[in-house]
Amino acid sequence: MLFDVASLPAIPYRLRMAFKESPLRALSWEAFRAMDAEAKAPLLNLNGRPYHALIAQQFDRPMLDRIGDLATKMRKIAKTRGGMKFLQDLLSEKRAMLYFAQPSTRTFLSFSAACQILGIQTAEVRDAHTSSEIKGESQEDSVRTFSSYFDMIVMRHPQGGFAERIAWMLSGTDRPVPVINAGSGKDQHPTQALLDIYTLQRSLEKRRGGLEGAKIAFVGDLLRGRTVRSLSLLLRHYAGVKQYFVAPESLQIGADILDKLAASGVEVEVTADFDAVLPEVDALYMTRIQDEWDQAGESRAIDTSRYYLRADHLQVLKPDAIIMHPLPRRHEIAPEVDADPRAKYWRQVRNGMWVRAVLIAMIFDRDREIDRYYEDLMS
Ligand code: NCD
């Protein structure tokens, strides 16, 4: 006998068969779109795991804890040659399409590296204009066509809600595939928020015993920065966290986010005074001005010079605080800050790769194999 049939994974299409029971398949686009994000969440998840990963609201606290636990295990497993071989076999029968219709190198490479860790083959669409879209094909038809070659789509798109639309559309077909939102317009960036939570948890665990009760300040373009919007929503799962939104008035956080935080009883401070907030916080989350969304260069009229972390600010920042940034950086943090042990933005990047690999393993229901490997060989 060439191979032992019993050792093969059970039924290859188990996941798809399970998803075919999803009530999402029966919903019209209008009905799905009109739903509250909280109501959408259970339609996107399957058995406590994400199937599509589209919005921060679909991740509850047990899922966040699970992702963190798995990321830590996976990092340790990947340190050995045997462990890396195990990981590279975990999803080696899968192919992923990285569909990035918006400039990206960081997030693109992060997903690409995450797929490599798991043995997933990838192909990319970076410029939708080189495809048949110029022949008049709709973007939806293009994605549906491309999806036939793949088992998963990672999608970044300038239009908020586009990834959701594609996930809904594919969900209704005979061959649904999971869709991961890698940044949608000015709206959400859920995988960045997952890696931010992991970074916050790990760093604050050592410094102050955890994320609960921490004071976290978001600084910069909060109106158009999607990473802040997603992270702010996830932080609702941590008791007693106070969120500060520090920005010039015209770039302040959207009322929709403030309403959601208020409804969850989160303590919030909205201010333009960066210097006053600095000594109070346990985590500082700096962001750049998102002027690619300008209609006519309006960002240039806004004085953002106050929202800059200088080296001398480090003296007023708590000794056990941390500094984060989703990157790319422009003029938000002086380069001299990089050497300070509180600077965690390079760590965030590395964490992102592991968290994304974990998310993909969870989507395909292979996460328990990681536990098993860890328990058998590592502990
Ligand atoms: C962010 C994004 O694309 O929203 N970048 C990223 O994914 N790390 C932040 C930004 O572009 O400012």
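First things first, this report covers the structure right here in the doc.

The rules behind these values
Residues numbered from 1 in each chain as written. Predicted model: local features only at pLDDT ≥ 70, side-chain atom pairs only at ≥ 80, totals over all residues. Heavy atoms only, no water. Helix = DSSP H or I, 4+ residues; strand = E, 2+ residues; numbered from the N terminus. Rg over C-alpha atoms; globule rule 2.2 N^0.38 Å. Buried < 20%, exposed > 50% of the residue type's maximum accessible area, 1.4 Å probe, protein only. Contact = heavy atoms within 4.5 Å. Areas by Shrake-Rupley, 256 points an atom, 1.4 Å probe, with all protein chains shown as cover. Lys, Arg positive; Asp, Glu negative; His and termini not counted. Charge placed at Lys NZ, Arg CZ, Asp CG, Glu CD. Pairing = 2+ DSSP bridges. Axes fitted to C-alpha atoms, helices over the stretch in contact; angles between N-to-C directions. Near = heavy atom within 4 Å. Polar contact = N/O pair within 3.5 Å; in protein donor to acceptor, adjacent residues only side chain to side chain. Nonpolar A, V, L, I, M, F, W, Y, C, P; charged D, E, K, R; others polar. Domains from an automatic or database assignment.

Thoughts on the overall build of the chain
- Summing up its helical and strand segments, the chain has 14 helices and 11 strands in all.
- A compact globule built from 379 residues should have a C-alpha radius of gyration of about 21 Å, and the chain, at 21 Å, falls within 12% of that.
- C-alpha atoms of the chain, sized along the principal axes, occupy 70 × 55 × 40 Å.
- Here the chain, with 379 residues, has 56% of them falling under the buried criterion.
- Contacts in the chain between residues far apart in sequence, at least 24 positions, make up 77% of those at least 6 positions apart.
- By element, 51% of the accessible surface of the chain is carried by carbon and sulfur atoms, the whole surface being about 16800 Å².
- The positive charge centre, built from 51 side chains, and the negative charge centre, built from 50, are 5 Å apart in the chain.

A look at the sheet that holds strand β3 (residues 95-100)
- In space, the 4 strands of this open sheet follow the order β4-β3-β5-β6, with parallel pairing throughout. On the outer flanks of this sheet lie β4 (121-125) and β6 (179-184), each paired with one strand and no other. Averaged over neighbouring strand pairs, the angle between their axes works out to 15° when direction is ignored.
- Of the strand pairs in this sheet, strand β5 (residues 152-157) and β6 are connected by 4 bridges, and their pairing is parallel. The partner of His 157 across the bridge, within β6, is Ser 184.
- Across the sheet, helix α6 (residues 106-117) is in contact with β3, β4, β5 and β6; its angle to β3 comes to roughly 180°.

Things to note about the sheet that holds strand β10 (residues 283-286)
- Taken in spatial order, the 5 strands make up an open sheet running β9-β8-β7-β10-β11, and their pairing is parallel. Taken across any chain shown, the strands that pair with only one partner, and hence form the sheet edges, are β9 (267-271) and β11 (322-324). Strand-to-strand, the axes of this sheet are offset by a mean angle of 15°, without reference to chain direction.
- Pairing between strand β8 (residues 242-246) and β9: 5 bridges, direction parallel. Bridged to Tyr 244 within β9 is Glu 269.

A few points about unusual backbone geometry
- The omega angle of the peptide bond from Leu 327 to Pro 328 is 5°, so this bond is cis rather than trans.
- Its location among the elements puts Pro 328 in the loop between β11 and α13 (345-363).
- Unusually for a residue other than glycine, Asn 47 sits at a positive phi of about 50°.
- Along the polypeptide, Asn 47 turns up in the loop between β1 (45-46) and β2 (49-50).
- By relative accessible area, which is 65% here, Asn 47 ends up exposed.
- Even without glycine at this site, Leu 327 takes up a positive phi of about 65°.
- As for its placement among the helices and strands, Leu 327 is situated in the loop between β11 and α13.

Some remarks on the site of the ligand
- What surrounds the ligand is the set Thr 107, Arg 156, His 189, Gln 192, Arg 226, Thr 227, Arg 288, Gln 290, Pro 326, Leu 327 and Pro 328.
- A distance of 2.8 Å separates an oxygen atom of the ligand from a polar atom in the side chain of Thr 107.
- Within the side chain of Gln 192, one N or O atom sits 3.3 Å away from a nitrogen atom of the ligand.
- Counted by class, the shell around the ligand contains 3 nonpolar, 5 polar and 3 charged residues.
- Mapping the shell around the ligand onto the domain boundaries places at least three of its residues in each of domain 1 (5-189 + 351-378) and domain 2 (190-346).

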